[in-house]
Amino acid sequence: MDNNCLFCRIVAGEIPATVVHETATTLAFRDIDPKAAVHVLVIPKEHHPDVVALATNDPAGSADLLAAAAAVAEAEGLRTDGFRLLFNTGAYAGQEVFHVHAHLLGGEPLGPMLAIR
Ligand code: AMP
C-alpha cells in the first residue's frame, strides 16, 4: 500500500466509497463524479501506477481486473446495450489518480469515443 495514494486508502477502508464488487484482488466502486449514468472504477487492490505497470508486473492481476470489470458490467445490466471500458494513462489522457483503474461507463448512449476533430 502507498499511504499517499487515494485508491490504496479506499482499499484500506480509510476513505469511504460505494463498493459494488469485490474479490480477493480487485475492488470496484462508483466514481465520485460520474460521467455517465453508470460510472464504476475497477481497480486492483495492489498498487500499480498505471495499466502498463500492471500488465508488466502482474499479468494474473491484469486478468483479474478484466474479469472483475466484466462481472460488474453484467451486474449493472450493461451487457445488452453496451458500455465503454477505458484506462486513462499519463498526461495526454489526463490521468489524475496514479493507481491503475478501469473506467466502466454505460447506462445510456455514450456518444463518440473522442470529440470530433
Ligand atoms: P483519471 O482521470 O482516469 O485518473 O480518473 C480518476 C477518477 O477518479 C475521476 O473520474 C474521479 O472522479 C474519480 N475519483 C476521485 N476521487 C474519488 C473518490 N474518492 N471516490 C471515487 N472516485 C473518485
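This structure is a prediction, so every number in the text was calculated from the model and none was measured.

Moving on to the packing of aromatic side chains. Per the stated rule, a full pass over the model turns up 1 aromatic pair. Seen in terms of ring centroids, phenylalanine 7 and phenylalanine 29 are 5.3 Å apart; in terms of plane orientation they differ by 80°. Their pairing is edge-to-face. Of this pair, phenylalanine 7 sits in helix 1 (residues 6–11) while phenylalanine 29 sits in strand 2 (residues 26–30), and the two are 22 residues apart along the sequence. The buried category is assigned to phenylalanine 29, whose relative accessible area is 3%.

In this section: helix 3 (residues 59–75). Between its first and last C-alpha atoms helix 3 spans 24 Å; for 17 residues at 1.5 Å apiece the expected length is 24 Å, and the two agree. Regarding helix 3, the residues found buried are Gly61, Leu65, Ala68, Ala69, Val72 and Ala73. Seen from one end, helix 3 has its buried residues packed into an arc of 140°, which puts them on one side. Exposed and facing more than 90 degrees away from the buried side of helix 3 are Pro59, Ala60 and Leu66. Glycine 77 lies just past helix 3 and shows a positive phi near 75°.

The tally for this structure, following the rule as stated, stands at 5 salt bridges. For glutamate 14, the salt bridge identified is with arginine 9, shortest N-O distance 2.9 Å. Under the relative-accessibility criterion, arginine 9 is labelled partly exposed at 32%. Put simply, aspartate 33 and lysine 35 hold a salt bridge, and the shortest N to O gap is 3.6 Å. Its relative accessible area of 44% is what places aspartate 33 among the partly exposed residues. Note on lysine 35: relative accessible area 58%, which makes it exposed.

Residues annotated by UniProt as "domain: HIT" (unreviewed entry) correspond here to residues 6–115. For the annotated span residues 6–115, helix accounts for 27% and strand for 23% of the residues, and the straight-line distance between the end C-alpha atoms is 29 Å.

This part is about the environment of alanine 36. Inspection of the secondary structure assignment puts alanine 36 in the loop between strand 2 and strand 3 (38–44). Alanine 36 gets classed as buried once you look at its relative accessible area, which sits at 9%. Each C-alpha atom, one on alanine 36 and one on asparagine 3, is 30 Å from the other, the two residues being 33 residues apart in sequence. Residues within four places of alanine 36 in sequence aside, it is in contact with Leu105, Gly106, Glu108 and Leu110.

Further remarks concern the site of the ligand. In the vicinity of the ligand, 17 residues are found, and the nearest of them are Asp31, Asn88, Glu96, His101 and His103. Between the ligand and glycine 94 there is a distance of 3.3 Å, counted from an oxygen atom to a backbone nitrogen or oxygen. Look at the ligand: alone it shows 510 Å² of surface, and the protein chains cover 87% of it. Elements with a minimum of two residues in the shell around the ligand: helix 1 and strand 2. Ranked by residues supplied to the shell around the ligand, first place goes to helix 1 with 3 residues. Broken down by class, the residue content of the shell around the ligand amounts to 7 nonpolar, 5 polar and 5 charged.

About the cut-offs
Residues numbered from 1 in each chain as written. Predicted model: local features only at pLDDT ≥ 70, side-chain atom pairs only at ≥ 80, totals over all residues. Heavy atoms only, no water. Phe/Tyr/Trp six-rings, centres within 6.5 Å; stacked < 30°, edge-to-face > 60°. Helix = DSSP H or I, 4+ residues; strand = E, 2+ residues; numbered from the N terminus. Buried < 20%, exposed > 50% of the residue type's maximum accessible area, 1.4 Å probe, protein only. Expected span 1.5 Å × (residues − 1). Arc of directions from axis to C-beta. Salt bridge = Lys/Arg side-chain N within 4 Å of Asp/Glu carboxyl O. UniProt positions renumbered as here; feature names shortened; annotations may be inferred. Contact = heavy atoms within 4.5 Å. Near = heavy atom within 4 Å. Polar contact = N/O pair within 3.5 Å; in protein donor to acceptor, adjacent residues only side chain to side chain. Areas by Shrake-Rupley, 256 points an atom, 1.4 Å probe, with all protein chains shown as cover. Nonpolar A, V, L, I, M, F, W, Y, C, P; charged D, E, K, R; others polar.

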